[in-house]
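Structure assessment
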Amino acid sequence: MNSVHDIGGTDGFGPVRPELNEPVFHEPWEGRVFAIFAIIGAGHPPVPVDALRHQLERLDPVQYLASSYYERWLAAMENAILEAGTLTRDEIDAKIQQFAADPSLAIPRREDPALAEGIPSVLRAGQPVTRQIRQKPRFAVGDHVMTRNLNPHGHTRLPRYARGKRGVIAHHHGAHVFPDTNAHGLGENPQHLYSVRISARELWGDGAEANESILIDLWESYLEKDDRAAKSSAQRTSSGMKQAPSKSRLQSRKVSPRAASKARKKKPR
Amino acid sequence: MSDDPINSHHHPPVLSPAALRAKAIEALLLEKGLLASDAIDRIVEIYEKDVGPLNGAKVVARAWCDPTYKRRLLKDATAAIAELGFGGIQGEHMTVVENTPKVHNVVCCTLCSCYPWPVLGLPPAWYKSIAYRARIVREPRVVLREFGLDLPKSVEVRVWDSSAEMRYLVLPERPPGTAEMSEMELASLVTRDSMIGVARIEAPSR
């Protein structure tokens, strides 16, 4: 979806401000929210990270920009819990009133030693997203590609700044779960994933530096062949270099002998 | 302050709206038996104490000392990092990119805050900030200069936007004057920022 989370290339947010000796969590509640989020993600059934990210990007845009990182997580977590029907708004509001009225009231503890002891191995196992698929990768390293101009209202990992841009396949990472469907409970639909290298000038115009590029991980359905680059490389091939077996010759093996002889009679342009 | 009626030791401090909301949600989920206090404590403890940039520093130091390890690391980072015992959530799939005198790599996540937890811990606030996410893909050299890293024009800059589940760790250049140092001493030189790619590692002062 095209919301404020998709912020790459946006101006006006001022300098980056590193903090010296930064604590992992600035306040205790941040650690609690982080941990609860992790437990929900690894729960039964696990909630895919894609769905949790989509909760974050569906926050009100003004709230998103005005919130701290863990305030965003808290709001997204609350929305996920409300949507799942685990808690109601009234329950949460009533509990907030109760704690606000009596700040000395502590959270009653509930212990589950087996769960707590299992935490390190759950974290260590993680949630790998590579899958074996039958489809062969459509692109190879070095191929020229064009990113598609996709604007879905749902979750996507193709940021706006990288849409409709020309790039080159730099790595093939195998098949990965496709977030655009997985975030919505529409299945994992694994696809080949590639690092695509796009020059800074392609992204930001001639004013950008010549020796800068972005490498971004994109799924196969975000990409199409860059015909313009393919044509110019074909022209280079025909004007001198020895030609590799052409695609049409390979394809002609599949057609019937009659059709193939017909095709041969056609004069090449 | 003792004269502050709200924050004196007789009364717990008034919680911020976010802290109050987080407290309410945690309490309700515990009441329903959906969470355990000790499991939450354990996760917080792991990320506050156990998992941090020292893990990544060990990977880098090993790669500097052992050329065959470095080759494995650049070819299949997930497996090579697992050799040192690190891996798992938000580091299930790893790629290591090497900085050289000619190429400088820097890592970001423009869409959220993806970061290789097993080797670097949880990301610092600046990495998650809107400013970093917005600017590093557009004007990396300007941002790097703000971090005190002024790269010569001749050095190529590659910005890795972590848009999928592949996580990136930068292998920084080994600083000069470290030939005599042990792997452990070298690991102590490696900074978090150098493994994100917003810093280089300075030669140790004698």
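Residues numbered from 1 in each chain as written. Chains lettered and ligands numbered in written order. Predicted model: local features only at pLDDT ≥ 70, side-chain atom pairs only at ≥ 80, totals over all residues.

1. Examining the interface of chain B and chain A
For an interface, size is often stated in terms of accessible area lost upon the parts coming together. Inclusion rule: A pair of residues counts as a contact when their C-beta atoms, built from backbone coordinates, are separated by no more than 7 Å. Put simply, DSSP H or I for four residues or longer makes a helix, DSSP E for two residues or longer makes a strand, and each gets a number counted from the N terminus. Residues are sorted three ways: Asp, Glu, Lys and Arg are charged, Ala, Val, Leu, Ile, Met, Phe, Trp, Tyr, Cys and Pro are nonpolar, and all the rest, Gly among them, are polar. Whether two strands pair depends on DSSP finding at least two bridges between them.
Counting residues at the interface gives 69 residues for chain B, matched by 78 residues for chain A. Per-element tally for the side of chain B that touches chain A: the top contributor is helix 1 (residues 17–31) of chain B, with 13 residues. Its residues placed into classes, the side of chain B that touches chain A shows 41 nonpolar, eleven polar and 17 charged. Pairing analysis gives five bridges linking strand 5 (residues 212–219) of chain A to strand 3 (residues 156–161) of chain B, with the strands arranged parallel. In the strand pairing of strand 3 of chain B, I216 of chain A is matched with D161 of chain B.

2. Focus on the domain arrangement of chain A
Residue and element names in this part refer to chain A. Filter applied, for reference: Domain segmentation is taken from an automatic or database assignment of domains.
Segmenting chain A into domains produces domain 1 (28–127) and domain 2 (131–240). Computed from C-alpha coordinates alone, the two centres of domain 1 and domain 2 are separated by 34 Å. With five residues of domain 1 in contact, the opposing surface of domain 2 contributes four residues. Its residues placed into classes, the side of domain 1 that touches domain 2 shows two nonpolar, one polar and two charged.

3. Let's talk about unusual backbone geometry
Residues and elements named next belong to chain A. Quick reminder of the rule: In this scheme every C-beta is placed from the backbone, and a residue whose C-beta has 20 or more other C-beta atoms within 10 Å is buried, one with 12 or fewer is exposed, and one in between is partly exposed.
Unusually for a residue other than glycine, N21 sits at a positive phi of about 50°. In this structure, N21 sits in the segment before helix 1 (28–41). Accessibility expressed as a C-beta count within 10 Å gives 4 for N21, which makes it exposed. Although it is not a glycine, N189 sits at a positive phi angle of roughly 35°. Look at N189 and you get partly exposed, because 16 C-beta atoms sit within 10 Å.

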